[in-house]
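# Inside the fold
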Number of protein chains: 2
Amino acid sequence: MLKSVLQTIDARRKQIASSLADFLRIPSVSSNPAHAADMQRCAQWLSGQLAEAGLEAKIMPTRGHPVVLAKSQHRPGRPTVLFYGHYDVQPPDPLDLWTTPPFEPTVRGNALFARGAVDDKGQVWAHVQAILAWQEHGLPVNLVVLVEGEEEIGSEHLAEFMGANHDALVADIAVISDTNQFARGVPAITYALRGLVYMEVTLTGPSHDLHSGLYGGAVPNPANLLCELLATLHDKQGRVDIPGFYDQVAPITPQEREMWRTLPMDEAAFAGELKTTPIGEAGFSTLERIWARPTCDINGITAGYQGPGAKTVIPSKASAKVSMRLVPNQDSLAISDAFTEAMQQRCPRGASIQVVCHSHTPAALVPMHSPAMELAAEAVEIGFGIRPALIRGGGSIPVVGLIKSILGIDTLLVGFGLPDDRVHSPDEKFDLDALHSGTRTAAALYERLAHLEGIH
Amino acid sequence: MLKSVLQTIDARRKQIASSLADFLRIPSVSSNPAHAADMQRCAQWLSGQLAEAGLEAKIMPTRGHPVVLAKSQHRPGRPTVLFYGHYDVQPPDPLDLWTTPPFEPTVRGNALFARGAVDDKGQVWAHVQAILAWQEHGLPVNLVVLVEGEEEIGSEHLAEFMGANHDALVADIAVISDTNQFARGVPAITYALRGLVYMEVTLTGPSHDLHSGLYGGAVPNPANLLCELLATLHDKQGRVDIPGFYDQVAPITPQEREMWRTLPMDEAAFAGELKTTPIGEAGFSTLERIWARPTCDINGITAGYQGPGAKTVIPSKASAKVSMRLVPNQDSLAISDAFTEAMQQRCPRGASIQVVCHSHTPAALVPMHSPAMELAAEAVEIGFGIRPALIRGGGSIPVVGLIKSILGIDTLLVGFGLPDDRVHSPDEKFDLDALHSGTRTAAALYERLAHLEGIH
């Protein structure tokens with residue numbers, strides 16, 4: 001049966017790409033209230049597609065953006081798989097750096113360019129099309145599909161939703177496709193992800209903006225002071241200088257170090273593509289820095305005049321968005337607290353400080369050696385024709401932690417993206433071969449996972 | 001005759017304030033190309049008012065915004081006075097912090113609130129009204145009026161204009177009203193101003209914005225690095241840490257120190273009004289820091305995501321506008337070069353740096369004891385009923401240096417503002433008593449300066 005399903009997918013290759021463009025045209029930017037109606041429209045469109053693929057699909061409200069929930073007809077005696085994805089996307093700005101508009105999907109070369117092309121609409125689409133291809137024969141597993149609309153803003157209402165709908169979500173294993181292949185020709189399964197703590201720091205100096213001539217030299221300038229404060233976040237070895245920051249960090253095992261060393265990682269090509277010098281924590285390789293070491297990055301900073309030319313102002317306020325990527329076994333809440341305390345203690349004289357935590361998510365780690373992992377590896381080999389590498393990821397998918405804590409199950413991170421897909425950046429894309437092999441992999445995965453021993 | 005002129009001004013007190021509002025309604029923001037037509041309209045309006053006051057007025061093009069040039073009928077044997085002002089204003093943002101819109105002049109309490117109320121339209125208006133009040137009797141001096149439209153953007157084309165129109169501008173003394181009284185009840189003449197060097201520093205890391213999860217920890221973050229770089233601008237004593245920065249600084253004389261010590265400077269009130277702690281270079285009072293010590297302030301900084309909520313981006317670029325206020329005898333070009341060199345040498349590994357100089361103007365110092373200064377002091381005493389203090393100013397008026405170098409004459413800085421006028425900030429205002437006394441002072445000044453021995 002799988003052979004026939006794969007043939008169906010091969011025959012529909014072009015059709016799958018062109019229908020994905022309809023999904024991508026909806027500007028489902030979750031962080032921007034101006035797109036609230038687009039979020040609804042996107043959830044409705046997706047729910048309709050899942051219904052056409054034979055699932056019972058519905059839109060479930062949350063206190064934020066709605067969740068799309070769908071399930072196949074339950075047949076006892078089979079494993080149940082929970083597929084998770086998200087239909088929301090990152091803001092597209094800066095708009096002027098897109099070659100073609102972010103919400104007008106365009107094929108150039110062998111890739112489809114649009115905001116959300118790979119993160120995560122394109123990868124969700126591979127599963128929707130795999131489900132559709134199984135429709136004639138019937139899915140070999142029981143399937144629950146949960147596609148949320150708040151992943152890019154910290155999945156704020158998802159825990160509440162999963163708790164309230166626990167019974168509908170019970171499964172033996174979860175599957176997420178929101179990660180990458182290691183490289184073109186090196187498909188991969190991801191067994192660990194970093195966590196994320198996202199903070200905002202605001203310094204206030206004088207009660208209002210001042211003329212830098214009439215006051216300069218005698219009043220605190222919060223922009224000067226914010227630079228001074230944020231410069232304390234790293235030491236000279238590139239380590240994050242917050243008390244206790246590294247205390248709980250799980251070391252890289254010798255086995256992992258060896259496994260990663262054999263991957264075709266070209267540091268020169270990495271630097272060349274970004275036109276930059278790889279720099280970071282001393283004593284670690286680029287892969288180790290991205291996969292297994294925590295970070296602290298300023299994601300945004302703003303103060304004073306930013307228009308063309310000159311304005312001689314001493315701003316009243318200066319603020320920065322600062323996020324930390326966490327690794328196993330750092331405690332995200334403890335890190336948020338340590339950051340806040342360090343900033344408050346180091347706040348330069350003359351400024352008052354406000355520190356806000358936007359979100360905190362711990363890192364995720366799934367067992368590297370397990371029956372489910374082996375079945376997933378077989379599915380990738382069927383889909384791509386190549387045995388997958390076992391890798392980590394530097395990003396964060398908060399739901400992996402929720403799935404573990406609320407539903408008690410592990411997650412298979414079987415992703416189809418490529419490292420140069422420009423996720424979160426202008427000119428985000430999804431490779432059309434990856435879309436095709438990914439759709440085949442998803443179809444094979446639902447067949448392979450029928451062999452899983454579980455609680456079913 | 002002066003008595004009659006002052007009576008005219010006293011009688012027109014309300015009318016002077018209400019006609020100033022017409023001047024303030026024109027949004028003559030020189031830095032914003034969107035206001036180019038408003039700049040033309042403002043020049044035309046002002047030129048019309050000067051013509052109504054009996055001068056021969058015209059609008060002269062420059063390669064930037066036009067200059068308004070007007071002159072009285074030349075009568076030999078009298079001193080010639082050059083009055084300089086500017087009709088352009090600072091950008092009004094942040095707009096949401098204005099109590100009433102910046103270009104809808106509104107009287108609250110005893111003040112007129114609008115962008116440009118005191119800097120410099122309101123003070124130019126005092127002179128226009130003084131000239132008008134002299135119309136019946138005839139001005140006692142030969143007068144040349146030059147009102148430019150580029151003061152707030154560094155007077156870029158003024159030197160060229162003054163050179164090209166040298167003969168029309170020849171005078172014995174210059175007068176500018178673009179400074180402050182020391183305090184309410186303490187009118188003042190300013191004998192020194194600080195200079196200004198305005199720079200922009202841009203760091204570039206990766207060639208495009210990156211996902212902070214997929215790349216964070218292994219690539220240079222220009223926002224992190226810009227904070228690190230700008231934090232080197234000051235040492236722990238609050239001194240500017242650029243090689244050679246203080247080498248040419250003229251020390252404060254014992255006479256000046258004593259003179260300033262007797263001024264009614266209330267450090268607690270200064271801090272209280274700004275809701276901040278006065279901080280700055282160690283070893284100097286607030287007045288000394290503002291008047292006689294150079295500074296380095298970040299006027300604007302920008303990188304990455306600045307909207308609501310969170311975006312996990314590593315920005316490709318980060319930039320800051322940084323200006324330095326200079327004191328006599330610092331060389332503005334040498335300081336610009338030293339800043340550029342220091343930033344380039346300290347540029348953190350992983351970033352490329354661009355440093356641009358937007359403008360550089362040296363400090364100005366006019367003789368404290370001279371016949372012109374004494375005549376001006378008498379005029380202020382007539383206008384305000386109080387003998388003025390001799391003070392310095394922390395701001396910069398580039399034209400003072402140009403007047404000295406191109407026309408070879410000194411400038412009397414007789415200003416009418418109050419220290420809490422919120423120049424360059426939201427809710428800029430001009431006190432209506434100051435407008436009135438200032439108009440009286442201008443009228444008296446044109447009478448007193450007729451006694452000047454000069455080249456006429």
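None of the values given here were measured: they were computed from a predicted structure. (Residues numbered from 1 in each chain as written. Chains lettered and ligands numbered in written order. Predicted model: local features only at pLDDT ≥ 70, side-chain atom pairs only at ≥ 80, totals over all residues.)

Attention shifts here to the overall build of chain A. Looking only at helices and strands, one finds 14 helices and 18 strands in chain A. Taken over the C-alpha trace, chain A has a radius of gyration of 23 Å; the compact-globule value for 456 residues is 23 Å, and the two agree within 12%. Taken along its principal axes, the extent of the C-alpha atoms in chain A is 80 × 50 × 45 Å. Buried positions account for 59% of the 456 residues belonging to chain A. For chain A, the share of sequence-separated contacts (at least 6 apart) that also reach a separation of at least 24 residues comes to 79%. (Helix = DSSP H or I, 4+ residues; strand = E, 2+ residues; numbered from the N terminus. Rg over C-alpha atoms; globule rule 2.2 N^0.38 Å. Buried ≥ 20, exposed ≤ 12 C-beta atoms within 10 Å, placed from the backbone. Contact = placed C-beta atoms within 7 Å.)

The next subject is the domain arrangement of chain A. All names here are of chain A. Here chain A is partitioned into domain 1 (2-193 + 363-451) and domain 2 (195-249 + 294-361). Relative placement of domain 1 and domain 2: their C-alpha centres are 35 Å apart. Residue-level contacts link eight residues of domain 1 with 10 residues of domain 2. Here the residues of the side of domain 1 that touches domain 2 sort into four nonpolar, four polar and no charged. (Domains from an automatic or database assignment. Nonpolar A, V, L, I, M, F, W, Y, C, P; charged D, E, K, R; others polar.)

All names here are of chain B. Among the 10 residues in strand β9 (residues 195-204), eight count as buried, and that is most of the element. In the sheet, β9 pairs with strand β13 (residues 317-326) via 10 bridges, with the strands oriented antiparallel. Its bridge partner lying in β13, L196 is registered against R325. Relative to strand β14 (residues 352-361), β9 runs antiparallel, the two being bridged by nine bridges. Bridging from a neighbouring strand, M199 pairs with C357 of β14. (Pairing = 2+ DSSP bridges.)

Here we take up the packing of helix α2 (residues 13-24) of chain B against helix α15 (residues 432-448) of chain B. Residues and elements named next belong to chain B. With their axes 10 Å apart at the nearest point, α2 and α15 run at an angle of 110 degrees to one another. Relative to α15, the element α2 is oriented roughly perpendicular. On α15, the residues that touch R13, I16 and A17 of α2 are L432, L435, H436 and T439. Here the residues of the contact of α2 with α15 sort into four nonpolar, two polar and one charged. (Axes fitted to C-alpha atoms, helices over the stretch in contact; angles between N-to-C directions. Parallel < 35°, antiparallel > 145°, perpendicular 65-115°, else oblique.)

The next subject is the sheet that holds strand β5 (residues 111-113) of chain A. All names here are of chain A. In space, the three strands of this open sheet follow the order β4-β5-β18, with antiparallel pairing throughout. Two strands lie at the open edges of the sheet, namely β4 (106-108) and β18 (429-431), each paired on one side alone. The mean angle between the axes of side-by-side strands here comes to 30 degrees, regardless of whether they run parallel or antiparallel. As defined by bridge partners, β5 adjoins β18 across three bridges and the pair is classed as antiparallel. Looking at β18, one finds that F113 is bridged to K429. This element, helix α14 (residues 432-448), spans β5 and β18 of the sheet and lies at about 65 degrees to β18.

With that settled, consider the relation of the copies chain B and chain A. Each copy superposes on the other: chain B lies on chain A with an RMSD of 0.1 Å after a rotation of 180 degrees and an axial shift of 0.1 Å. Both chain copies can therefore be described as sitting about a two-fold axis. No C-alpha of chain B approaches the rotation axis more nearly than that of C227 of chain B, which lies at 2.1 Å. A symmetric contact is evident, with 100% of the interface residues of chain B recurring at the interface of chain A. (Least-squares fit on C-alpha atoms with pLDDT ≥ 70 in both.)

With that settled, the discussion passes to α14 of chain A. Under the 1.5 Å per step criterion, the end-to-end length of α14 of chain A is 24 Å for 17 residues, consistent within 8% with the ideal 24 Å. Of all the 17 residues making up α14 of chain A, 15 are buried; the element is thus mostly covered by neighbouring parts of the structure. (Expected span 1.5 Å × (residues − 1).)

Residues and elements named next belong to chain B. Strand order in the open sheet formed by three strands is β4-β5-β18, with antiparallel pairing between adjacent strands. Across the chains shown, the open sheet's two edge strands, defined by having one partner strand only, are β4 (106-108) and β18 (429-431). Each strand axis lies, on average, 30 degrees off the axis of its neighbour in the sheet, ignoring direction. Across the face of the sheet, α15 comes into contact with β5 (111-113) and β18 while running at roughly 65 degrees to β18.

Next up on the list: the packing of helix α1 (residues 2-11) of chain B against helix α4 (residues 121-134) of chain B. All names here are of chain B. Contact pair α1 / α4: the axes reach a minimum separation of 9 Å and the direction vectors enclose 125 degrees. Between α1 and α4, the crossing angle belongs to the class labelled oblique. The hand of the α1/α4 crossing is right-handed. Contacts from V5, T8 and I9 in α1 reach Q129, A133 and W134 in α4. Looking at the contact of α1 with α4 residue by residue, the class counts come to four nonpolar, two polar and no charged. (Left-handed = near helix turned anticlockwise from the far one by under 90°.)

On the chain A side, the residues contacting the 79 residues of chain B number 80 residues. The element that contributes the greatest number of residues to the side of chain B that touches chain A is strand β11 (residues 297-304) of chain B, accounting for eight residues. Considering only residue class, the side of chain B that touches chain A consists of 30 nonpolar, 36 polar and 13 charged. As paired strands, strand β11 (residues 297-304) of chain A and β11 of chain B are joined by five bridges and run antiparallel to one another. Bridge pairing links T302 of chain A to T302 of chain B in β11 of chain B.

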